[in-house]
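# A structural walkthrough
Take a look at the letters that make up each chain.
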Amino acid sequence: MTTLTTLFGGLAAVFALFALGGFVRGLPLALRAVLAGLVPLIAYFSLTIGRWPGLDVVAIHISVFLAAALVLFALTQFRRRGAGRMHWAPKLLTAFFIGLVVVNATLLYIATKGLPEPVARWWLGGKGDGKPVYSGFSGVVPHGQGAAKGISSELSELHRESRLGWQIAVNGLDGEGRTRPVEVRVRDRTGLAVERLAAELRLLRPGAAVPTASLPLASAEPGVYIGALVLPAGGRWLLELRLLQNGEVRFRSTQEVTAP
């Protein structure tokens with residue numbers, strides 16, 4: 001389930017619960033608004049168990065659901081007070097929270113999907129070479145002593161891989177769908193198939209430290225390992241290939257894939 005689905009689905013639930021609360025006799029208006037905002041929020045929290053989307057995404061849901069309930073409370077309270085034109089303060093409050101929802105939804109869409117292609121080329125100044133322009137948020141990169149050690153370890157690993165001399169060919173990642181059949185062919189420096197490897201693909205968002213998913217690859221024939229990669233959401237992904245021999249990582253490479 002995507003973030004936009006939970007955001008607008010929860011917003012619709014706030015309106016529906018507030019409307020249904022009007023049929024309950026003796027239910028105070030304030031409690032009606034509180035329940036309309038909290039019930040979808042609690043349901044959203046239950047969906048995030050085991051797949052935390054990030055504090056920024058959760059904060060957007062909290063602000064949108066509670067703001068919608070507050071606006072409904074203010075409008076209903078004004079209508080109950082009697083006739084006359086609405087004061088400018090409720091109008092301003094309503095416009096503010098509607099704008100808040102629109103801005104949050106827009107920023108969330110740009111962060112996960114990027115700008116629409118024509119807008120991205122106009123705004124970012126595409127070179128006209130026909131290549132796609134990516135404008136989605138790629139995550140954060142940690143800095144400091146840990147990052148320096150990681151760079152040193154990466155260089156040492158690249159040196160070991162160059163001495164190993166394996167020839168790795170990965171096929172099937174250039175598709176356009178969410179599900180892509182992947183085939184990895186492994187040959188040594190003489191061209192012979194490398195057997196008895198444990199091959200796996202790890203899927204990460206750019207900047208993420210923990211993989212979103214891990215796919216073990218099955219051995220189809222000597223030196224050939226296959227599997228079906230499923231991209232859980234659109235946007236940019238980093239795909240890490242790991243080849244293990246006798247429990248030790250002998251080869252690792254990372255490349256970027258994009259899902260619609």
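Summarised in this report is the structure supplied together with it. Treat the numbers as computed from the prediction; the structure is a model and nothing was measured.

### Here we look at the packing of helix α1 (residues 3-21) against helix α3 (residues 55-80)
Running from N to C, α1 and α3 point in directions that differ by 25°, and their axes come no closer than 10 Å. The orientation of α1 with respect to α3, classified from their angle, is roughly parallel. As for the relative orientation of α1 and α3, their crossing is right-handed in sense. Residues T3, T6, L7, G10, L11, V14, F15 and F18 of α1 touch α3, and the partners they reach there are V57, I60, H61, V64, F65, A68, A69, L72, F73 and T76. A class-by-class count of the residues in the contact of α1 with α3 yields 13 nonpolar, five polar and no charged.

### Section: the nonpolar core
Grouped together as the largest cluster of nonpolar side chains are 22 residues, with contacts concentrated most on V186, L217 and L243. Among the elements that make up this core, the one with the highest residue count is strand β6 (residues 235-245) (four residues). When residues no more than four places from it in sequence are discounted, the contact partners of L217 are V184, A199, E200, L201, Y225, I226, G227 and L241.

### Some points on empty space enclosed by the protein
In total, this model carries one cavity of 30 Å³ or more according to the counting rule given. Within this model, the largest cavity holds a volume of roughly 50 Å³. In terms of lining, the largest cavity is formed by V170, L173, L201, L239, L241, S253, T254 and Q255. Put simply, the parts of the chain that give the lining of the largest cavity at least two residues each are β6 and β7 (248-259).

### As for the sheet that holds strand β4 (residues 213-221)
Strand order across the open sheet formed by seven strands is β1-β2-β5-β4-β3-β6-β7, with antiparallel pairing between neighbours. Two strands lie at the open edges of the sheet, namely β1 (167-171) and β7, each paired on one side alone. Averaged over all adjacent pairs, the angle separating strand axes in this sheet is 25°, with direction ignored. Relative to β7, β6 runs antiparallel, the two being bridged by 11 bridges. Its bridge partner being in β7, G235 is matched across the sheet by A259.

How each quantity is defined
- The residue numbering used here restarts from 1 in each chain and proceeds along that chain's sequence as written.
- Predicted model: local features are reported for residues with pLDDT of at least 70 only, side-chain atom pairs are reported and counted for 80 or more only, and whole-chain, interface and lining totals are derived from all residues.
- To obtain the side-chain values, all non-hydrogen atoms of the structure were used and water was disregarded.
- Geometry is summarised by axes, namely lines fitted to C-alpha atoms with helices restricted to the contacting stretch, and by angles between N-to-C directions that run from 0 to 180 degrees.
- Every helix listed is a DSSP run of H or I at least four residues long, and every strand listed is a run of E at least two residues long, numbered separately from the N terminus.
- Should an angle lie under 35 degrees it is considered roughly parallel, over 145 roughly antiparallel, and from 65 to 115 roughly perpendicular; all remaining angles are considered oblique.
- Whether a crossing is left-handed or right-handed is set by the direction in which the near helix is turned from the far one by less than a right angle, anticlockwise for left-handed and clockwise for right-handed.
- Contacts are assigned to residue pairs with any non-hydrogen atoms lying within 4.5 Å of each other.
- Polar here means any residue other than Ala, Val, Leu, Ile, Met, Phe, Trp, Tyr, Cys and Pro, which are nonpolar, and Asp, Glu, Lys and Arg, which are charged; Gly is therefore polar.
- To define a nonpolar core, start from buried Ala, Val, Leu, Ile, Met, Phe, Trp, Tyr and Cys residues and group those joined through side-chain atoms within 4.5 Å.
- Burial classes follow relative accessibility: with a 1.4 Å probe on protein chains only, a residue under 20% of its type's maximum area counts as buried, one over 50% as exposed, and anything between as partly exposed.
- Cavity means a closed set of points on a 1 Å grid over the protein atoms alone, one where a 1.4 Å probe fits but cannot get out, pocket means an open set with protein on both sides within 12 Å along at least 5 of 7 lines, and lining means a residue has an atom within 4 Å of a point.
- Grid points are joined across faces, edges and corners, and a volume is the space filled by probe spheres set on the points.
- What makes two strands pair is DSSP finding at least two bridges between them.

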